[in-house]
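# Examining the three-dimensional arrangement
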Amino acid sequence: IEYNRKLTEENIYMEVIATLNQKGYKNIVNEKINTTFNSSQNLAISLSKGVEKNYDIGLNFEIDRTTSKSSLYKENMINYFSCFIEPNIDLFLKGKIQIHTDCNFGLRKKNALVSKNINTVIWNAWMDKSFFANNKLQIRASVSDILNNNTGIYIDANNSFVKQGQYNLIKR
C-alpha cells in the first residue's frame, strides 16, 4: 500500500508505504513433516521539501518486523525488529554544481544468534558538475561510508533456520 501527497503550499511532501509478506512452507525433516510460517511487515514514511534548482531535503523512516515459526522447532521462534533513519540533502549551486549527502542509521535488535552490536551509521556524499544543454555530461566525485562504519553483516530468517553472514568490504 502506498500513499503520497503534498502537505503544504511550501512544497513539503509525504509518502507512506506499508508492506506485508507472508509465506508458508512444508518440508520433511528427519522423517517428520515440518510446517514453517514466515512473515515480514514494513512501514516506511518519507518527508521531503524542495525548491527547484536550489535544494532538496528529505527524511526517511522505516521499521521492519520479521517473524518465523516452525512446527518442529517451536523454541527457535524468530521475532526481531529493524529500524532505519535516512536523512538526505541536495544543494544545487551556480555553475551546474550539485552537492549531495545522506546518512543511513541502521538500528537492529540483538538476538540469541547475533550478540554483537550490528547498528550502523553509513554517511555518504558526492558532488556533480554538469556540462552541456540538458546536463548530458556529468562528472562526479563521491565518498561512500565516510565514517568507515559498514559492518558487512546481514541476517536472513527463513524456513526453520536463521542465516547470518558477513561480507568483505573494501576499506579506504
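Quick note: structure is the one above.
Parameters and conventions
Residues numbered from 1 in each chain as written. Predicted model: local features only at pLDDT ≥ 70, side-chain atom pairs only at ≥ 80, totals over all residues. Heavy atoms only, no water. Patch = residues over 30% accessible without salt bridge, like charges linked within 9 Å, V, L, I, M, F, W, Y side chains within 5 Å. Areas by Shrake-Rupley, 256 points an atom, 1.4 Å probe, with all protein chains shown as cover. Salt bridge = Lys/Arg side-chain N within 4 Å of Asp/Glu carboxyl O. Helix = DSSP H or I, 4+ residues; strand = E, 2+ residues; numbered from the N terminus. Buried < 20%, exposed > 50% of the residue type's maximum accessible area, 1.4 Å probe, protein only. Polar contact = N/O pair within 3.5 Å; in protein donor to acceptor, adjacent residues only side chain to side chain. Pairing = 2+ DSSP bridges. Axes fitted to C-alpha atoms, helices over the stretch in contact; angles between N-to-C directions. Contact = heavy atoms within 4.5 Å. Phe/Tyr/Trp six-rings, centres within 6.5 Å; stacked < 30°, edge-to-face > 60°. Lys NZ or Arg CZ within 6 Å of the ring centre and 35° of its normal.

Taken together, the side chains of Leu7, Leu43, Ile45, Leu47, Leu59, Phe61, Ile63 and Phe81 present a nonpolar region at the surface, about 610 Å² in accessible area. Elements with a minimum of two residues in the nonpolar patch: β3 (32-51) and β4 (55-70). Counting through the fold element by element, Leu47 comes out in strand β3. Looking at Leu47, the relative accessible area reads 39%, which means it is partly exposed.

As for its placement among the helices and strands, Asn34 is situated in strand β3. Of the residues examined, Asn34 reaches a relative accessible area of 0% and is grouped as buried. Side-chain polar atoms of Asn34 contact the side chain of Thr36, separated by 3.2 Å.

On to the sheet that holds strand β2 (residues 12-29), then. A sheet is described by the order of its strands in space; here eight strands give the open sequence β1-β2-β3-β4-β5-β6-β7-β8, paired in antiparallel fashion. Every interior strand has two partners, whereas the edge strands, β1 (2-6) and β8 (137-143), have only one. Mean inter-strand twist for the sheet, computed between neighbouring axes without regard to direction, equals 15 degrees. Of the strand pairs in this sheet, β2 and β3 are connected by 18 bridges, and their pairing is antiparallel. Residue pairing for β3: Ile17 is matched across the bridge by Ala44.

Assignment of secondary structure puts Val16 in strand β2. Given the relative accessible area of 22%, Val16 is considered partly exposed. Residues Val16 and Asn4, twelve residues apart in the sequence, show an inter-C-alpha distance of 6.3 Å. Excluding residues that lie within four positions of it along the chain, Val16 makes contacts with Ile1, Glu2, Tyr3, Leu43, Ala44 and Ile45.

Another point: the packing of aromatic side chains. Centre-to-centre distance and the angle between the planes together describe a pair of aromatic rings. Under the defined criterion, the tally for this structure stands at zero aromatic pairs. If you follow Lys129 out to its NZ or CZ, it ends over the ring of Phe131, 5.2 Å from the centre. A cation sits over an aromatic face here: Arg140 above Trp126, 3.6 Å from the ring centre.

Moving on: the pattern of salt bridges. Under the definition given, this model contains one salt bridge. With a closest N to O distance of 2.8 Å, Arg140 and Asp128 form a salt bridge. Of this pair, Arg140 sits in strand β8 while Asp128 is found in strand β7 (residues 120-131), placing the two residues twelve residues apart along the sequence. For Asp128, a relative accessible area of 3% puts it in the buried group.

Okay, the environment of Asp102 next. Secondary-structure assignment places Asp102 in strand β6 (residues 97-108). When residues no more than four places from it in sequence are discounted, the contact partners of Asp102 are Pro87, Asn88, Ile122, Trp123 and Asn124. At 2.7 Å, the side chain of Asp102 and the side chain of His100 are in polar contact.

Between β2 and β3, which pair antiparallel one after the other, the connecting turn spans two residues, and Asn30 there sits at a positive phi close to 50 degrees. Pairing analysis gives 16 bridges linking β3 to β4, with the strands arranged antiparallel. Residue pairing across strands places Ser40 opposite Thr66, the latter belonging to β4. Between β3 and β4, which pair antiparallel one after the other, the connecting turn spans three residues, and Lys53 there sits at a positive phi close to 60 degrees.

Geometric values such as these leave the question of function open.
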